[in-house]
Amino acid sequence: MSAEVADALAAARPVVALESTLLSHGLPPGRNLDVAVRLDRVVREQGAVPATIAVLDGQALVGLSRGQLERVCAPEAALAKLSARDLGPALALGGSGATTVAATSLLAHAAGVGVFATGGLGGVHLALPGSAGTWDVSADLGTLARTPVLVVCSGMKSILDIGATLEVLETASVPVLGYRTDDFPAFYLRSSGHPVPHRVDSPAQVAAVVRAHRHLAGSGVLLANPIPEESEMDESVHDRLLAEGLELVRSRGVRGADVTPALLEHFHTASGGASLDANEALVLANARLAARVAGELAAT
């Protein structure tokens, strides 16, 4: 842990974990470092300490320095994308990588950080055109089922099967909360068409749910915060880009972990950067909300 994060935890002050995959793999060079700096500022403005997480040279880091952030964001760094299964090999073999939701959740919990802000949760992939189904399910879901961290996000990426993902979370006994909404969000869109099981309307209510759940279970909690209304993508444009992207990965034979990056790249390029603007807006909103909830949890 950085000295700042360690001191904050020792003094029971609020800390918010942030992932590094968004920076190294989700945003283009230049813009990624700018977003990292803005995330840091947004969390601090709410009275919490930001703790971006990554693995560099075989060391798990909770709370990156400016130099470490610059390394994560540098295009020449070519960091691996580390999920939960990849942490052991990376640490033991001196590897470097950016952490996904699953890996960030594990490392945050190990350090004693209980609140984590991200953009979107992984989930069950949509079946590609011409196929009957898929076994492609993100490790984010299994990790959240056994790691008591509050994950604040804007739902699952809309390139996923959101209904199936919600069913998996129900089976894993992960509470799903909608922040000031009755509709589960879909990342770029404020509504996926699926209802949220439970609605909360204030950071204090979120904190109360998290505390009550942690008395009873060892799973995490998902807080779904819709993208700000002014930043939502046009639904018809979104649906067209999704259909095009799915056909693109099918025709190119893209499989496994390469599907999501390929689909997101299509969104970014075919939307003329509109999806990048939406991504930035929602992750900043999630970091702001996470810091407020962390403050409520630290106050009790």
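Use the structure listed above.
Residues numbered from 1 in each chain as written. Predicted model: local features only at pLDDT ≥ 70, side-chain atom pairs only at ≥ 80, totals over all residues. Heavy atoms only, no water.

**Student:** Lay out a negative patch on the surface with the relevant residues and their values.
**Tutor:** Taken together, the side chains of Glu229, Glu230, Glu232, Asp234, Glu235 and Asp239 define an acidic patch exposed on the protein surface. Inspection of the secondary structure assignment puts Glu230 in the loop between β10 (221–224) and α10 (235–252). The class for Glu230 is exposed, based on a relative accessible area of 68%. (Patch = residues over 30% accessible without salt bridge, like charges linked within 9 Å, V, L, I, M, F, W, Y side chains within 5 Å. Areas by Shrake-Rupley, 256 points an atom, 1.4 Å probe, with all protein chains shown as cover. Salt bridge = Lys/Arg side-chain N within 4 Å of Asp/Glu carboxyl O. Lys, Arg positive; Asp, Glu negative; His and termini not counted. Charge placed at Lys NZ, Arg CZ, Asp CG, Glu CD. Helix = DSSP H or I, 4+ residues; strand = E, 2+ residues; numbered from the N terminus. Buried < 20%, exposed > 50% of the residue type's maximum accessible area, 1.4 Å probe, protein only.)

**Student:** Residues and numbers for the packing of helix α9 (residues 203–216) against helix α12 (residues 274–298), please.
**Tutor:** Relative orientation and spacing of two packed helices are given, respectively, by the angle between their axes and the distance between those axes. At a minimum axis separation of 8 Å, α9 and α12 run at an interaxial angle of 60°. Our classification of the angle between α9 and α12 gives oblique. Seen from above, α9 lies across α12 with right-handed handedness. When α9 is examined against α12, the residues Pro203, Ala204, Val206, Ala207, Val210, Arg211 and Arg214 are found in contact with a partner set consisting of Leu289, Arg292, Val293, Glu296 and Leu297. Along the lines of polarity and charge, the residues of the contact of α9 with α12 split into eight nonpolar, no polar and four charged. (Axes fitted to C-alpha atoms, helices over the stretch in contact; angles between N-to-C directions. Parallel < 35°, antiparallel > 145°, perpendicular 65-115°, else oblique. Left-handed = near helix turned anticlockwise from the far one by under 90°. Contact = heavy atoms within 4.5 Å. Nonpolar A, V, L, I, M, F, W, Y, C, P; charged D, E, K, R; others polar.)

**Student:** Residues and numbers for the packing of helix α3 (residues 31–45) against α12, please.
**Tutor:** Direction vectors running N to C along α3 and α12 enclose 25°, while the axes themselves pass 9 Å from each other. When the axes of α3 and α12 are compared, the pair comes out roughly parallel. Crossing handedness for the pair α3 and α12: right-handed. The residues of α12 that touch α3, namely those facing Arg31, Val35, Arg38, Leu39, Val42 and Val43, are Leu276, Asp277, Glu280, Val283, Leu284, Ala287, Arg288 and Ala291. Counted by class, the contact of α3 with α12 contains nine nonpolar, no polar and five charged residues.

**Student:** Run through the nonpolar core, naming residues and quoting values.
**Tutor:** Where a protein is soluble and globular, its nonpolar side chains tend to be buried together. Counting 86 residues, the largest nonpolar core has Leu169, Leu222 and Leu223 as its most contacted members. Among the elements that line this core, the one with the most residues is α12, at twelve residues. Leave out the neighbours within four places in its chain, and Leu223 touches Leu150, Val151, Val152, Cys153, Leu177, Tyr179, Val200, Val206, Leu289 and Val293. One finds Ala36, Leu56, Leu64 and Cys73 within the second-largest nonpolar core, a separate group that totals eleven residues. (Core = buried A, V, L, I, M, F, W, Y, C linked by side-chain atoms within 4.5 Å.)

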